[in-house]
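One letter stands for each residue in the lines below.
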Amino acid sequence: MSVNNNTFLQPKKYSRNDISQILEQEITRNMMQPGIKLPTSVQLAKKYGVSSKTADRAIEKLVRTGLVSRIRGSGSYVTYNRKLQDCPYIAFFYWKQPLVTAELNYAAFDYGIGLILQEFQKSRFRFDSFEENTLDKIHSRIFNMTLEKYDVIVIPAGLLEVAEHLLRNTPAEVILLNDDVVHPGPWHQIVYDYRPGFEKAIRYLLSQGCRKFFIAGDVDDGLIRCDVCREECLKLGVSEQDICVYRGSNQFFPSSILHGEDCAEYYIKNRLFDHAILSTSDFLTFGMLSTFYKSDYRPGRNFQIISYDNLESRLAQHNVSLGISSITHPLEMIPRVLTDLLRQLTANPPEGRYYYTCSIPALELVLRDNAEEQSPR
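How each quantity is defined
- Residues numbered from 1 in each chain as written.
- Predicted model: local features only at pLDDT ≥ 70, side-chain atom pairs only at ≥ 80, totals over all residues.
- Heavy atoms only, no water.
- Helix = DSSP H or I, 4+ residues; strand = E, 2+ residues; numbered from the N terminus.
- Buried < 20%, exposed > 50% of the residue type's maximum accessible area, 1.4 Å probe, protein only.
- Phe/Tyr/Trp six-rings, centres within 6.5 Å; stacked < 30°, edge-to-face > 60°.
- Expected span 1.5 Å × (residues − 1).
- Salt bridge = Lys/Arg side-chain N within 4 Å of Asp/Glu carboxyl O.
- Core = buried A, V, L, I, M, F, W, Y, C linked by side-chain atoms within 4.5 Å.
- Contact = heavy atoms within 4.5 Å.

(A) Looking closely at unusual backbone geometry. One non-glycine residue, Asn178, adopts positive backbone phi at about 65 degrees. For Asn178, the position within the fold is in strand E6 (residues 173-179). Look at Asn178 and you get partly exposed, because its relative accessible area is 43%.

(B) Spotlight on the packing of aromatic side chains. Tallying each qualifying case throughout the model produces 20 aromatic pairs. With centroids separated by 4.9 Å and ring planes inclined at 65 degrees, the aromatic side chains of Tyr14 and Tyr48 adopt a geometry described as edge-to-face. With Tyr14 in the segment before helix H1 (16-29) and Tyr48 in helix H2 (residues 41-48), the pair connects residues that are 34 residues apart, well separated along the chain. Note on Tyr267 and Phe303: the rings are 6.1 Å apart at their centroids and 70 degrees apart in plane angle, and the pair reads as edge-to-face. Highlighted residues: Tyr267 in helix H8 (residues 256-269) and Phe303 in the loop between helix H9 (282-294) and strand E11 (305-309), separated in sequence by 36 residues. The two residues Tyr267 and Phe303 agree in class, both being buried.

(C) View of helix H6 (residues 195-207). With 13 residues, H6 ought to run about 18 Å at 1.5 Å a step, and its terminal C-alpha atoms sit 18 Å apart, in line with that. Turning to H6, its buried residues are Gly197, Phe198, Lys200, Ala201, Ile202, Tyr204, Leu205 and Leu206.

(D) Spotlight on the pattern of salt bridges. Under the defined criterion, the tally for this structure stands at 17 salt bridges. A salt bridge links Arg70 to Glu60; the shortest N-O distance between them is 3.1 Å. Of the two residues, Arg70 sits in strand E1 (residues 68-71) while Glu60 sits in helix H3 (residues 52-65), which places them 10 residues apart along the sequence. Ionic pairing is found between Arg141 and Glu132, a salt bridge with its closest N-O pair at 3.9 Å. When its relative accessible area of 4% is taken as the criterion, Glu132 is described as buried. Counted as one network, the salt bridges with shared partners bring together Arg195, Glu231, Glu232 and Lys235.

(E) Representation of the nonpolar core. Core analysis: the largest hydrophobic core is formed by 49 residues, its most contacted members being Phe92, Ile175, Leu177, Ile190, Phe213, Leu278 and Leu338. Once residues lying within four places of it in the same chain are set aside, the contact partners of Leu278 are Ala201, Ile202, Leu205, Phe213, Phe214, Ile215, Ala216, Cys229, Cys233 and Ile306. Counting residues in each nonpolar core, the second largest holds 19 residues, with Phe93, Leu160, Leu167 and Leu176 among its members.

Right, dumping it as structure tokens:
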């Protein structure tokens, strides 16, 4: 039996992934200093016997991980040298919002998502982002993915409705975002605490002589905020009979703006103008104002109102100026808290079944219409 010795002399065929892994190991194991120039695609192609296109794609893969940056006309340079096991690979899921209120949705959701993505890039995190349809959760892409390749999965808490079993059994760390309550389970959470903001708003209204309160909520989304607001009123000495909680609804279409219109109609119908309004969402508030203006009722003249969210300060076009006093929803705090949590999980992985819960308080009350802004205390 003859043996073809040429079989043992075949050179290794390198792929794009092979080359990127070799370069990655050279950078992280040798802790190459940021600023060191890497070989060109042509040099790498010659060294590994591949096309320049394959070598170029290998470098591009390192650019996406944040280890390397490219300068047009100059070359590729090391920008980061931390070992990849110290830099978590993240799957970031976020909601795609309906376009019917695109301007408001930008201020309420997209603006905050943009801040998180910027912080991920700035922190050199490796991540993939996935836009999910909040109106079609059962078809989430999370069901058709290999979650095991990620170190951390960051998702809106609303996905628990359809993916709880999956998330309970994934080996990756899970972080829940965008919710008002703690969900017991094997995951870390970042939740909002509305109490400081509502307390500050109620104290201000009481100082202005208001003694009765109308709490406007949404049957689909405002239950927790309504309850928190009512509890804060009671804590500050407002009597139960002087608190009216109304959760707006619409029999034809589930929309916070339409629910707000219903709240305003109830307020007008029952002649509650001696009640200061605490709105749990700017979406509700804009719907209320639409109804109030049609009836020639104006905030500050016919009633007092403070609204939660402060979307007016984040509208992309800055073309809406209603002068409504607001409690600021703490969107800007989320990226910092989230990246701090990710670093904590990386540096000190929790032992056993310990999970972190981070609370972000709403602290800022902004008084508009010739009133002064109150800074967080």
